Amino acid sequence: MSGGRHRDDTGARLGMWLFLYTEVLLFGGLFLLYSVYLHRYPREFAAAAQELNLGIGAANTVILLTGSLLVALAVSAVRLGDARPARRLLWGSVATGVLFLANKYVEWSAEIGHGVYPGSPALAGRPPGESIFVGLYYITLGLHGVHVLVGTVLLAVMAIWVGNGTVHRDDFVRLENAGLYWHLVDLVWIFIFPLYYLLL
């Protein structure tokens, strides 16, 4: 029985790492595309980046880093058999995901209100490089936002499962995999933030 569980756990971990690899390829392709156009339109990219909200971008960086810390602490707590603090830590990480998405909603609402979105009349008279930057910005950050939403839901499920004993010290691979997914979301943002918000 324990051998079967060991094989299942190993397979689950391997499956998650393979999935994360495909996610890295996905975002890596977007970053590669970004770098190609940045080389072609450096001034236009820098000009378009000035219209992004650096404050919200920086705040979301801190929020995601905090969420990753809470998830790591939750996994450690479950491994030690401390379900109550683990559940609270997971709900805290869920809160960071919700806060990130709320900030993104506020940010995008303001940008769209100022005509900063793909195909907007405000961008029509600008150099093509700025339109390309804005298009890549919405595609990359929109895709990342979907990942944040999925990760937030996963962490909420893990918090419930830790609370009812489905995930515990002797069976925590699902929580570990959810944590890995969240760390990937955080890692992708660590690349997004300087590429889009700190471009000078």
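In this report, the structure presented in the accompanying data block is examined.

How each quantity is defined
- Counting of residues starts from 1 at the beginning of each chain's written sequence and follows it residue by residue.
- Local features in this predicted model are restricted to residues whose pLDDT is 70 or higher, and side-chain atom pairs enter the listing and the counts only when it is 80 or higher, whereas totals over whole chains, interfaces and linings include all residues.
- Only hydrogens and water are removed before side-chain values are computed, so all heavy atoms of the structure are retained for them.
- The convention used is that axes are lines fitted to C-alpha atoms, helices contributing only their stretch in contact, and that angles between N-to-C directions extend from 0 to 180 degrees.
- Helix and strand assignments come from DSSP, with helices taken as H or I runs of at least 4 residues and strands as E runs of at least 2, each series counted from the N terminus.
- If an angle is under 35 degrees, it is roughly parallel; if it is over 145, roughly antiparallel; if it lies from 65 to 115, roughly perpendicular; otherwise it is oblique.
- Crossing handedness is read from the near helix: turned anticlockwise from the far helix by less than a right angle, it gives a left-handed crossing, and turned clockwise, a right-handed one.
- Between two residues, a contact is recorded if the distance between any of their heavy atoms is within 4.5 Å.
- The criterion for an aromatic pair is that two Phe, Tyr or Trp rings (for Trp, the six-membered ring) have centres within 6.5 Å, with stacked assigned to planes under 30 degrees apart, edge-to-face to planes over 60 apart and tilted to the rest.
- Each residue's exposure class comes from its accessible area (1.4 Å probe, protein chains only) as a fraction of the maximum for that residue type: buried when under 20%, exposed when over 50%, partly exposed otherwise.
- Among buried residues, the Ala, Val, Leu, Ile, Met, Phe, Trp, Tyr and Cys ones that are joined through side-chain atoms within 4.5 Å form a nonpolar core.
- By the convention adopted, Pro, Cys, Tyr, Trp, Phe, Met, Ile, Leu, Val and Ala count as nonpolar, Lys, Arg, Asp and Glu as charged, and the other residues, Gly among them, as polar.
- What makes a salt bridge here is a side-chain nitrogen of Lys or Arg within 4 Å of a carboxyl oxygen of Asp or Glu, nothing more.
- Here, expected helix span is obtained from the residue count minus one, scaled by 1.5 Å.
- By construction, the arc corresponds to the directions joining the helix axis to the C-beta atoms.

**Some points on the packing of helix α4 (residues 83-113) against helix α7 (residues 173-197)**
Consideration 1: At their nearest, the axes of α4 and α7 sit 13 Å apart, and the two run at 30° to each other. Overall, the two elements α4 and α7 adopt an arrangement that is roughly parallel. Read as a crossing pair, α4 and α7 show a hand that is left-handed. Packed against α4, whose contacting residues are L90, S93, T96, G97, F100, K104 and E107, the element α7 presents L175, W182, W189 and Y197 at the interface.

**As for the packing of aromatic side chains**
Consideration 1: Tallying each qualifying case throughout the model produces 15 aromatic pairs.
Consideration 2: Between F19 and Y181, the ring centres sit 6.2 Å apart and the planes meet at 20°, which makes this aromatic pair stacked. Of the two residues, F19 is situated in helix α1 (residues 2-40) and Y181 in helix α7; the sequence distance between them amounts to 162 residues.
Consideration 3: Using a relative accessible area of 35% as the deciding quantity, one classes F19 as partly exposed.
Consideration 4: Ring plane angle 75° and centroid distance 6.5 Å describe the contact between Y137 and Y197, whose orientation is recorded as edge-to-face. On the criterion of sequence distance, the pair formed by Y137 in helix α6 (residues 128-164) and Y197 in helix α7 is long-range, its members being 60 residues apart. Of the two residues, Y137 and Y197, neither departs from the other in class, the shared state being buried.
Consideration 5: In this structure an aromatic cluster arises from ring pairing among Y34, F45, F100, W108, F133, Y137, Y138, W189, F193, Y196 and Y197.

**Digging into the nonpolar core**
Consideration 1: With 53 residues, the main nonpolar core has L90, F133, L175, W189, Y196 and Y197 as its most contacted residues.
Consideration 2: Those elements that place two or more of their residues in this core are α1, α2 (42-49), α3 (54-79), α4, α6 and α7.
Consideration 3: If near-sequence neighbours (up to four positions away) are discounted, Y197 is found in contact with L52, N53, L54, G57, K104, E107, Y137, L141, W189 and I192.

**Re the packing of α3 against α7**
Consideration 1: Following both chains from N to C, one finds α3 and α7 inclined at 160°, their axes separated by 10 Å at the closest point. By the angle class used here, α3 and α7 are roughly antiparallel. For α3 against α7, the interelement crossing comes out left-handed.
Consideration 2: Taken together, the residues of the contact of α3 with α7 break down into 16 nonpolar, seven polar and three charged.

**Comments concerning the side chain of T140**
Consideration 1: Looking at the element boundaries, T140 is found in helix α6.
Consideration 2: Discounting residues that sit within four places of it in the chain, T140 has contacts with F27, L30, F31, I192 and Y196.

**A few points about the pattern of salt bridges**
Consideration 1: Applying the stated rule across the entire model yields five salt bridges.
Consideration 2: Here E176 makes a salt bridge to R13, at a shortest N to O gap of 2.6 Å. Linking E176 in helix α7 with R13 in helix α1, this pair joins segments that are 163 residues apart in sequence.
Consideration 3: R13 sits in the partly exposed class, given a relative accessible area of 29%.
Consideration 4: Connected via shared salt-bridge partners are E51, R126 and E130.

**Some points on α6**
Consideration 1: Spanning 37 residues, α6 covers 54 Å between terminal C-alpha atoms, matching the ideal 54 Å at 1.5 Å per step.
Consideration 2: Downstream of α6 by one or two residues, G165 has phi in the positive range, about 90°.

**Let's talk about α2**
One turn of an α-helix holds 3.6 residues; hence residues three or four places apart share an orientation.
Consideration 1: All of the buried residues in α2 are F45, A46, A48 and A49. Buried residues in α2, looked at end-on, bunch into an arc of 165°, giving them a common side.

**Looking at the environment of L175**
Consideration 1: Along the polypeptide, L175 turns up in helix α7.
Consideration 2: Residue L175 is classed as buried on the basis of its relative accessible area of 0%.
Consideration 3: Put simply, L175 and K104 are 71 residues apart on the chain and 26 Å apart in space, counted from C-alpha to C-alpha.
Consideration 4: Aside from chain neighbours lying at most four places away, what touches L175 is A74, V75, V78, L90, M158, V162 and V167.

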